[in-house]
Amino acid sequence: GGLVYRQIGSKFEICMIKDSYGLWTFPKGHIQPPESSKEAAEREIAEETGIDIGELTYKIELGEIDYWFSSSFPRDIGQDKKITSMLIHKFVHYYLFSAPKTSHLHPQPGEVEAIEWVPLEQVESRNQYKDHIVDIISKAKSYLSKWSD
């Protein structure tokens, strides 16, 4: 996953997406071998936000989070269709990237409901996955505080 920021004057804005569950968060996705987790983050950011990979500048690794969630999906069993639920343990590596202040956002159809540049001071309250990513946001804010006026 990736937190992407741009700087407008002395202020920072972070790119946030409203995911397919209708919750505000950050771009992330699955690694496609032989990608590294950083390469997957860059690709997912480009796909979900429309920011060109060439515009992204890697800054630091923010850390890894893991969590469990339940996913339901239809499954054919003979002539019967059943809904199967599976418990999934997900690991997400987060990286901080910068983008030019002129970067335009274009949400990925079917994956991203909305997308915005959010002022840094509003990111924690906008994020809707509170338990999982608070430390990641804190590390990004700490890094960016070294560069603000």
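Described in the following lines is the structure provided in the data block. Please read all numbers here as calculations on a predicted model, not as lab measurements.

Some remarks on the pairing of strand 1 (residues 2–8)
Within strand 1, five of the seven residues are buried, which leaves it mostly tucked inside the rest of the structure. Of the strand pairs in this sheet, strand 1 and strand 2 (residues 11–19) are connected by four bridges, and their pairing is antiparallel. Residue pairing for strand 2: isoleucine 8 is matched across the bridge by lysine 11. What sits between the antiparallel neighbours strand 1 and strand 2 is a turn of two residues, in which glycine 9 has the positive phi angle 65°.

A short note on helix 3 (residues 130–145)
Counting along an α-helix, one turn takes 3.6 residues, and residues three or four places apart therefore face a common direction. Over its 16 residues, helix 3 extends 21 Å from the first C-alpha to the last, a length consistent with the 22 Å expected when each residue adds 1.5 Å. Restricting attention to buried positions, one finds in helix 3 the residues Ile133, Ile136, Ile137, Ala140, Tyr143 and Leu144.

A closer look at helix 1 (residues 37–49)
Its 13 residues give helix 1 an end-to-end C-alpha distance of 18 Å, which sits within 8% of 18 Å, the value for a rise of 1.5 Å per residue. Looking only at helix 1, the buried set comprises Ser37, Ala40, Ala41, Glu42, Arg43, Glu44, Ile45, Ala46, Glu48 and Thr49. Looking one or two residues past helix 1, glycine 50 carries a phi angle of roughly 85°, positive in sign.

What to know about the environment of alanine 41
Along the polypeptide, alanine 41 turns up in helix 1. The buried category is assigned to alanine 41, whose relative accessible area is 2%. Separated by 27 residues in the primary sequence, alanine 41 and isoleucine 14 place their C-alpha atoms 15 Å from one another. Residues in contact with alanine 41, not counting those within four places in the same chain, are Gly1, Tyr95 and Phe97.

Regarding the pairing of strand 2
Here strand 2 lies mainly inside the structure; seven of its nine residues are buried. The pairing of strand 2 with strand 6 (residues 112–119) spans seven bridges and is antiparallel. Opposite isoleucine 14, over in strand 6, you have valine 118 as the bridge partner. Strand direction decides the pairing type here: strand 2 and strand 3 (residues 24–25), joined by two bridges, are antiparallel. The residue bridging isoleucine 17 from the neighbouring strand is threonine 25, located in strand 3. Here strand 2 folds back onto strand 3, and the loop between the two strands holds four residues, one of which, glycine 22, carries a positive phi near 80°.

Topic: the environment of glycine 29
Secondary-structure assignment places glycine 29 in the loop between strand 3 and helix 1. It is 20 Å that separates the C-alpha atoms of glycine 29 and lysine 139, two residues lying 110 residues apart in sequence.

As for the nonpolar core
Formed by 22 residues in total, the largest nonpolar core has its most connected members in Leu3, Ile14, Phe26 and Tyr94. At the level of elements, strand 1, strand 2, strand 4 (57–77), strand 5 (80–98) and helix 3 are the ones that each hand at least two residues to this core. Broken down by element, the residue count for this core peaks at six residues, all from helix 3. Those residues in contact with tyrosine 94 that lie beyond four places of it in its chain are Gly1, Gly2, Leu3, Phe26, Pro27, Lys28, Glu61, Leu62, Gly63, Ile65, Ile133 and Ile136. Residues Tyr95, Phe97, Ala99 and Ile115 belong to the second largest nonpolar core, which totals 14 residues.

Rules used throughout
Residues numbered from 1 in each chain as written. Predicted model: local features only at pLDDT ≥ 70, side-chain atom pairs only at ≥ 80, totals over all residues. Heavy atoms only, no water. Buried < 20%, exposed > 50% of the residue type's maximum accessible area, 1.4 Å probe, protein only. Helix = DSSP H or I, 4+ residues; strand = E, 2+ residues; numbered from the N terminus. Pairing = 2+ DSSP bridges. Expected span 1.5 Å × (residues − 1). Contact = heavy atoms within 4.5 Å. Core = buried A, V, L, I, M, F, W, Y, C linked by side-chain atoms within 4.5 Å.

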